[in-house]
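Coordinates in review
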Amino acid sequence: MDMPLASELPLTGIDVNSLPPADGEWVLRRQLAAAYRLVDHFGWTELIYGHLTARVPGEAPHFLINPYGLNYDEVTASNLVKIDLDGNIVEPSPHPVNYAGFVIHSAVHMAHADRHKVVMHTHTRAGMAVCALKDGLLPVSMVSTAFHGKLSYHDYEGPSLDLDERERLLKNLGDNQAMMLRNHGLLTTGRSVPEAFLRLYRLERACQIQLDAAAAGTLNVMGDNLAAKSGADMDRFSEMESAVGIGDLEFAALVRKLDKTDTSWRH
């Protein structure tokens, strides 16, 4: 895919949906490719599985997804595959996609499309471990309070191969933008790639901290009032720090980190 003009546009501080569709798509492709590389950088991969998907700017309900079979550190802006809501490839690509893996994503993308433009789902060790706990995520750290009262749970029904699970998943998600798929993994959404990624980072970090603290001793669980206040403060901080969108500052810093060692994801 040749987008020389859009290649000069920044990856943060920009609304991809305000650009001409072709330019917006190319910026989005680079954002999403960067997110895949960052998931690899942080060690959140499970072989070739898991997905980060994003809705392409324009009227058609099309989405970008990783090529099935590639490692996350092999994903680039140009080899991301464009699919429709049913997981069908809509533009020529030498790569297949994991249809089963898009069942969850398509359900979320179809609901509240303005808030769920990006969906990220991982099978991390810490995330799956906390998803296997009856109490789920507890308010035991500052970062975990960002999800207090804003985290959904969906019971495990198998590896999400059946389309009829989508209705139940959406009902459980409700108005939230983060979910724990019990006995399965983590899911976050956002209006942009940076927003969804920051939410995923915080949820993963919260899981890691809870497991570390539980292994060291008795958890000091915050009361509801303190957890709610801390969560509200976390939200205000994120909004104040970003002039354009939540997660922009953090994502820009992480992109600079990527570029210090490898820029192949940009192409």
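The numbers attached to residues start from 1 for each chain and follow its sequence in the written order. Since the coordinates come from a predicted model, pLDDT governs what is reported: local features require at least 70, and pairs of side-chain atoms require 80 or more to be given and counted, while whole-chain, interface and lining totals use all residues. Each side-chain value is derived from all of the structure's non-hydrogen atoms; neither hydrogens nor water enter the calculation.

- The protein chain carries the name Class II aldolase/adducin family protein in an unreviewed UniProt entry, which gives Reyranella aquatilis as its organism.
- UniProt positions are given in the numbering used here, feature names are shortened, and annotations may be inferred rather than shown by experiment. We quote the UniProt Sequence similarities (unreviewed entry) comment for the protein chain here in full: "Belongs to the aldolase class II family."

**A short note on the pattern of salt bridges**
- Here, a salt bridge means any side-chain nitrogen of Lys or Arg that lies within 4 Å of a carboxyl oxygen of Asp or Glu. On inspection of all chains with the given rule, the structure shows 13 salt bridges.
- Between Glu25 and Lys82 there is a salt bridge, with the nearest N and O atoms lying 2.9 Å from each other. Placement of the pair is Glu25 in helix 1 (residues 21–41) and Lys82 in strand 3 (residues 81–83), with a sequence separation of 57 residues. Exposure class is identical for Glu25 and Lys82. Each is buried. Helical segments are the DSSP runs of H or I of at least four residues, strand segments are the runs of E of at least two, and each set is numbered from the N terminus. Relative accessibility under 20% of the residue-type maximum defines a buried residue, over 50% an exposed one, and the middle range a partly exposed one, all with a 1.4 Å probe and only protein chains included.

**Looking at the pairing of strand 7 (residues 185–190)**
- The buried count for strand 7 comes to six of six residues, which makes it a mostly enclosed element.
- When DSSP finds at least two bridges between two strands, those strands are taken to pair. Bridge count between strand 4 (residues 118–122) and strand 7: five bridges; the pairing is antiparallel. Bridged to Val118 within strand 7 is Gly190.
- Judged from the four bridges that link them, strand 6 (residues 178–181) and strand 7 form a sheet pairing that is antiparallel. Bridge assignment links Met179 to a residue of strand 7, and that residue is Leu187.

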